[in-house]
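What follows is each chain in one-letter form.
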Amino acid sequence: MGSTEQGSDTMNTDTTIAKNIRVADEEASYDTACKRLLSEMLFWHGL
């Protein structure tokens, strides 16, 4: 019974890690897009 519980814990950990990686990737993409937009605004408005 212990090995089944341990396998389940490993799967949950893997799932949590995968979710955290996906969220970090989405946040990094959003951050990059915001920085690009801001730099274009500064360029075109001469600020």
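Placed above this text is the structure.
Residues numbered from 1 in each chain as written. Predicted model: local features only at pLDDT ≥ 70, side-chain atom pairs only at ≥ 80, totals over all residues. Heavy atoms only, no water.

Some details on the overall build of the protein chain
The number of helices and strands found in the protein chain is one helix and zero strands. Burial statistics for the protein chain: of 47 residues in total, 0% are counted as buried. For the protein chain, the accessible surface area stands at approximately 4,400 Å², while carbon and sulfur atoms represent 61% of it. (Helix = DSSP H or I, 4+ residues; strand = E, 2+ residues; numbered from the N terminus. Buried < 20%, exposed > 50% of the residue type's maximum accessible area, 1.4 Å probe, protein only. Areas by Shrake-Rupley, 256 points an atom, 1.4 Å probe, with all protein chains shown as cover.)

Considering the packing of aromatic side chains
Two numbers describe a pair of aromatic rings. These are the distance of the centres and the angle of the planes. Overall, the coordinates contain one aromatic pair when judged by the stated rule. Each ring, one from Phe43 and one from Trp44, has its centre 5.0 Å from the other, and the planes form 85°; the classification is edge-to-face. In terms of burial, Phe43 and Trp44 fall into one category: exposed. (Phe/Tyr/Trp six-rings, centres within 6.5 Å; stacked < 30°, edge-to-face > 60°.)

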